[in-house]
Amino acid sequence: TFTIISSFLSIIYSFSLKPIDRGSMEMLATNNNSEMMIPSRDTSLSGLLQNGLGDFAGSLDTRELILQSPLVLNTVYEFVKEEYKKKGIETTNMNFENWFKKEVKIQFKKPTNILSIEYFNNDKDLIINALNLIYKTFQDYSIESIEKETNQAIKYLENQEATNNELLNEAY
């Protein structure tokens, strides 16, 4: 009888659960002009000109952790939180780490530069909107990173120009 009761309760419980849907997308992370540009280990002039600051995001693992961080995804988290509030879902105990673990999966398909992004939720519209916002956030983050790297390179070159001008003036 215990088995019959527990089986019956399990069936009732499984019907009461809302199904979790999954949305996904993939992006190519490169250092050239593409849709998604994520700084990578670089031995070109721009990589060398960071004046001792090191690579912005050397390995795929490092880049993956940066892209999973609140620094990059907080906008998406706040958006989802607001959507939950609109639907009357309690968000007082919601935090970034739990939200990310439950609803988001971001990882590189190793050994490639293909970034796989998955979003899990029972609201298909929220999945689509969250994935679109993640895409836009990654693009904005990429542009900011490239601008920062370019500004660092310009500053380095300006300092080198000033130093070289001083050396030339001393030589004459």
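Just so it is clear, the structure is predicted and the values come from calculations on it, not from any experiment. (Residues numbered from 1 in each chain as written. Predicted model: local features only at pLDDT ≥ 70, side-chain atom pairs only at ≥ 80, totals over all residues. Heavy atoms only, no water.)

**A look at the overall build of the protein**
Thought 1: Scanning the protein from terminus to terminus reveals six helices and four strands.
Thought 2: For the protein, the N- to C-terminal ordering of α and β elements is α-β-β-α-α-α-α-β-β-α.
Thought 3: By the burial criterion, 34% of the 172 residues in the protein qualify as buried.
Thought 4: Taking the contacts inside the protein whose residues are at least 6 apart along the sequence as the reference set, 61% of them involve residues at least 24 apart.
Thought 5: Working note: accessible area of the protein is about 11600 Å², and carbon and sulfur atoms make up 55% of it. (Helix = DSSP H or I, 4+ residues; strand = E, 2+ residues; numbered from the N terminus. Buried < 20%, exposed > 50% of the residue type's maximum accessible area, 1.4 Å probe, protein only. Contact = heavy atoms within 4.5 Å. Areas by Shrake-Rupley, 256 points an atom, 1.4 Å probe, with all protein chains shown as cover.)

**What about the pattern of salt bridges?**
Where charged atoms of side chains with opposite charge meet at close range, the side chains can pair.
Thought 1: Counted according to the given criterion, the structure contains seven salt bridges.
Thought 2: Salt-bridge contacts for Glu82 lead to Lys85; the nearest nitrogen and oxygen are separated by 3.6 Å. In this pair, Glu82 and Lys85 are both assigned in helix α4 (residues 70-86), three residues apart and thus about one turn of the helix distant.
Thought 3: With a relative accessible area of 40%, Glu82 lands in the partly exposed category.
Thought 4: Taking the shortest distance from any N to any O, the salt bridge between Asp140 and Lys136 comes out at 2.8 Å. With a gap of four residues between them, Asp140 and Lys136 both fall in helix α6 (residues 124-171), about one helical turn apart. (Salt bridge = Lys/Arg side-chain N within 4 Å of Asp/Glu carboxyl O.)

**Structural notes on the packing of aromatic side chains**
Thought 1: Tallied over the entire structure, the rule returns five aromatic pairs.
Thought 2: Centre to centre, the rings of Phe96 and Phe100 are 6.1 Å apart; their planes meet at 15°, and the pair counts as stacked. With Phe96 and Phe100 both in helix α5 (residues 96-103) and four residues apart, this pair spans about one turn of that helix.
Thought 3: When the ring of Trp99 is compared with that of Tyr119, the centres are 6.4 Å apart and the planes differ by 50°; the resulting orientation is tilted. Of the two residues, Trp99 is situated in helix α5 and Tyr119 in strand β4 (residues 114-121); the sequence distance between them amounts to 20 residues.
Thought 4: On the basis of relative accessible area, Trp99 is assigned to the buried category, the value being 2%.
Thought 5: For Tyr119, a relative accessible area of 0% puts it in the buried group.
Thought 6: Three or more aromatic residues joined by ring pairs form one cluster here, namely Tyr77, Phe96, Trp99, Phe100 and Tyr119. (Phe/Tyr/Trp six-rings, centres within 6.5 Å; stacked < 30°, edge-to-face > 60°.)

**Points about the layout of surface pockets**
The rolling of a water-molecule-sized probe over the atoms marks out the regions of remaining empty space.
Thought 1: Computed from the structure, the largest pocket encloses a volume of approximately 390 Å³.
Thought 2: Along the wall of the largest pocket there are 16 residues; nearest its centre are Tyr84, Ile89, Lys102, Glu103 and Asn121.
Thought 3: Put simply, the parts of the chain that give the lining of the largest pocket at least two residues each are α5 and β4.
Thought 4: Broken down by element, the lining of the largest pocket gets its largest block of residues, four residues, from α5.
Thought 5: Split into classes, the residues belonging to the lining of the largest pocket amount to six nonpolar, four polar and six charged. (1 Å grid on protein atoms, 1.4 Å probe; cavity = no way out; pocket = protein on both sides within 12 Å on 5 of 7 lines; lining within 4 Å. Points joined across faces, edges and corners; volume = space filled by probe spheres on them. Nonpolar A, V, L, I, M, F, W, Y, C, P; charged D, E, K, R; others polar.)

**What about the pairing of strand β3 (residues 104-109)?**
Thought 1: As paired elements, β3 and β4 share six bridges and run antiparallel to each other. By the bridge assignment for β4, Lys109 is matched with Ile114.
Thought 2: The turn linking β3 back onto β4 is made up of four residues. (Pairing = 2+ DSSP bridges.)

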